[in-house]
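Letter by letter, the chains look like this.
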Amino acid sequence: MVKHVDSKQGEGLVAVDRAISVIDALRDVGTASLADIARATGLSEPTALRYLAALRKHHIVGRDVKDGSYRLGVKLYEWGQAAPVETDPRSVAERPLMELASLLGETVELASAEGRQLVVLAVYPGSHAIRKEARVGDLEEWHATSVGKAILAQAGDEYVAEVLAGRSLNAFTPNTRTTAAALRVELDRVRERGYAIDDEESEQGLRCVGVAFRGRSGRYEYALSASGPAYRMTPDREGVIADRLLAAAATIEEGLGVQAG
């Protein structure tokens, strides 16, 4: 059955979207004229003026009495002070990653880029044990793990060069990529797929799927992965696992206050 959206409800949603677009425009520039706001939001000046008047009524937007320019109002500051902000990704990630480990039955790991090192922040065992689980505080290998490759693929060439400078890319299995050129080719594949694979590269018999996500800085500095034996983590399963990881990563980003986009 097709659900019909009430026309008044639809109009209300449009109004909310437009009001938020006005607030976002002011956030981006600090202060702005009516013409600037209309141009930034794509609204006509009369329409933008109506929204500005409504927002001013609730002190969400203020207006300079001298030049008539608009700015964000004190109400937003009050809301910001009242809103709980989680800054520790481990706290934000705990519930979604525990649920993910339970859903997949595989071990889920949270890792962070700390300068040139890749540090394990948290490990959530699934219902199926693996031979060797990472421990909190362990350092992971950038070139041989799904969390490492996931972050490098999103971090940009300059950061990749910084991480690889003077670093030996040790072979842990016959599948490990041991040259910067081979690793960069793999990072291109990661960007195309949207997720990274450790295909028995860090440990024989272990296969992992990993995705990167952004911290409050807006940079891709965290990653999460699901790991299990190769006979369970088969290629035909990796797409489903990646989708679950991406959904969890989006949830964590939202909890950290990272803006979408």
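Throughout this description, residue numbers start from 1 for each chain and increase along the sequence as written. This being a predicted model, a pLDDT of at least 70 is required before a residue's local features are given, and a value of 80 or more before pairs of side-chain atoms are given or counted; all residues contribute to the totals for chains, interfaces and linings. With hydrogens and water stripped out, all remaining heavy atoms of the structure feed into the side-chain values.

### Points about the pattern of salt bridges
And then number 1: For this document, the term salt bridge refers to a Lys or Arg side-chain nitrogen within 4 Å of an Asp or Glu carboxyl oxygen. Evaluated as defined, the whole model comprises 15 salt bridges.
And then number 2: Between Asp138 and Arg135 there is a salt bridge; the shortest N-O distance is 3.9 Å.
And then number 3: Exposure categories follow from relative accessible area, calculated using a 1.4 Å probe and restricted to protein chains: below 20% of the type maximum is buried, above 50% is exposed, and the middle band is partly exposed. Arg135 gets classed as exposed once you look at its relative accessible area, which sits at 60%.
And then number 4: Here Arg214 ties to Glu253 by a salt bridge, and the two come within 3.0 Å at their closest N and O atoms.

### Observations regarding the side chain of Thr41
And then number 1: Following the sequence through the fold, Thr41 ends up in helix H2 (residues 34–41).
And then number 2: Here Thr41 falls in the buried class, since its relative accessible area comes to 18%.
And then number 3: Engagement of the side chain of Thr41 in a polar contact is seen with the backbone oxygen of Ile37, the distance being 2.8 Å.
And then number 4: By the criterion applied in these results, polar contacts are pairs of N or O atoms within 3.5 Å in which, for protein atoms, one can donate a hydrogen and the other can accept it, and in which residues neighboring in sequence qualify only through two side-chain atoms. Among the polar contacts listed, one links the side chain of Thr41 to the backbone nitrogen of Leu43, at a separation of 3.4 Å.
And then number 5: When checking whether two residues touch, look at their non-hydrogen atoms; a contact exists if any pair is within 4.5 Å. Among residues more than four places away in sequence, those in contact with Thr41 are Ser21, Val22 and Ala25. Where helices and strands are cited, they refer to DSSP runs of H or I of at least four residues and of E of at least two residues respectively, numbered from the N terminus.

### Structural notes on the pairing of strand S4 (residues 107–114)
And then number 1: Within S4, seven of the eight residues are buried, leaving the element largely enclosed by the surrounding structure.
And then number 2: DSSP-based pairing: two strands are paired if at least 2 bridges between them are found. Two elements, S4 and strand S8 (residues 220–229), share six bridges in a ladder whose sense is antiparallel. From the neighbouring strand, Ser112 faces S8, where its bridge partner is Tyr222.
And then number 3: In terms of strand pairing, S4 meets strand S5 (residues 117–124) through seven bridges, oriented antiparallel. Bridging from a neighbouring strand, Glu109 pairs with Val123 of S5.
And then number 4: Connecting S4 to the next strand, S5, in antiparallel fashion are two residues, including Gly115 with a positive phi near 65°.

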